[in-house]
Amino acid sequence: MQQAPGGAPQPRPLFGGALSAVLPHSSVDTSQLREIPDNQEVFAHALTDQSLIVELVEYQAQVSDQDAARYHFEDIAGSNKASEPGNFQVTGIEPVPKSGLSLSDCSSACVLTGTQCVSKFNEEAKNNVIIHLAVLRLPRFSTDILISFNDPQSISPSSSSAASAETHSQPWTMHDFQRLLQTLTLHDPGLFG
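About the criteria used
- Residues numbered from 1 in each chain as written.
- Predicted model: local features only at pLDDT ≥ 70, side-chain atom pairs only at ≥ 80, totals over all residues.
- Heavy atoms only, no water.
- Helix = DSSP H or I, 4+ residues; strand = E, 2+ residues; numbered from the N terminus.
- Buried < 20%, exposed > 50% of the residue type's maximum accessible area, 1.4 Å probe, protein only.
- Areas by Shrake-Rupley, 256 points an atom, 1.4 Å probe, with all protein chains shown as cover.
- Core = buried A, V, L, I, M, F, W, Y, C linked by side-chain atoms within 4.5 Å.
- Contact = heavy atoms within 4.5 Å.
- Phe/Tyr/Trp six-rings, centres within 6.5 Å; stacked < 30°, edge-to-face > 60°.

The number of helices and strands found in the chain is three helices and 12 strands. Counting the 193 residues in the chain, one finds 47% classified as buried. When the accessible area of the chain is evaluated, it comes to approximately 9,700 Å², of which 49% is carbon and sulfur surface.

Written out as structure tokens, the structure reads:
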């Protein structure tokens, strides 16, 4: 997290500066470590196995605002190979008031909380991960913005993540996730084509 001289967190440019948001402490830009799709910004906690993903996806006009979070969560479960019964569960969906967002072009927003049982890097070992998924709908730009906060709760001893499970030094919190969500700002609508 970048700090201003007075100590206040500073927004970090995303997608080449077209968006910005305040990221939590200990954020490591994963694109420095591996290839990331152009429609994603991925950040990992330097000491834990937590991650944050800001993703631009196609606006799904056939999906109502109240069903959008569940739709995208189930799509993520499929990508995580966690779509079999018992491998994912939605535990809550809450609307986010537009007054609490910096993204003025957002027509609706909500945060889904759920769990997925996922493996990392196609391993056999499965980890139980709480996923907080914010969905910001921008029909004007034919885009849904997804912000995922992946917070592992139990990590298999045979997972490549087992070593980081022992070092929960200052993990990210819901406050960090909410600050990112609230500070996400659009600077260049050309991002959407």
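So that's the structure; there's more coming.
This part covers the nonpolar core. Counting residues in hydrophobic clusters, the biggest one holds 29 residues, and the most contacted among them are Leu136, Ile145, Ile147 and Leu184. Put simply, the parts of the chain that give this core at least two residues each are strand E4 (19-21), strand E7 (51-58), strand E9 (108-118), strand E10 (127-138), strand E11 (143-154) and helix H3 (174-183). Apart from residues no more than four positions distant in its own chain, isoleucine 147 is found in contact with Ile53, Val54, His132, Leu133, Ala134, Leu136, Phe177, Leu180, Leu181 and Leu184. Counting 14 residues, the second-largest nonpolar core is a separate cluster that includes Ala68, Val129, Ile131 and Leu146.

Before going further, it helps to spend a moment on the packing of aromatic side chains. One pass over the full model with this rule turns up three aromatic pairs. Here phenylalanine 149 and tryptophan 172 contribute two aromatic rings whose centre-to-centre distance is 6.5 Å and whose plane-to-plane angle is 55°, an arrangement assigned as tilted. Of this pair, phenylalanine 149 sits in strand E11 while tryptophan 172 sits in the loop between helix H2 (162-165) and H3; the two residues are 23 residues apart in sequence, bridging distant segments of the chain. We note that phenylalanine 149, like tryptophan 172, is buried. Considering the side-chain rings of phenylalanine 149 and phenylalanine 177, the 5.9 Å spacing of their centres and the 25° angle between planes classify their relative orientation as stacked. Of the two residues, phenylalanine 149 sits in strand E11 while phenylalanine 177 sits in helix H3, which places them 28 residues apart along the sequence. Since its relative accessible area comes to 1%, phenylalanine 177 is described here as buried. Among the aromatic residues, those joined into a ring-pair cluster are Phe149, Trp172 and Phe177.

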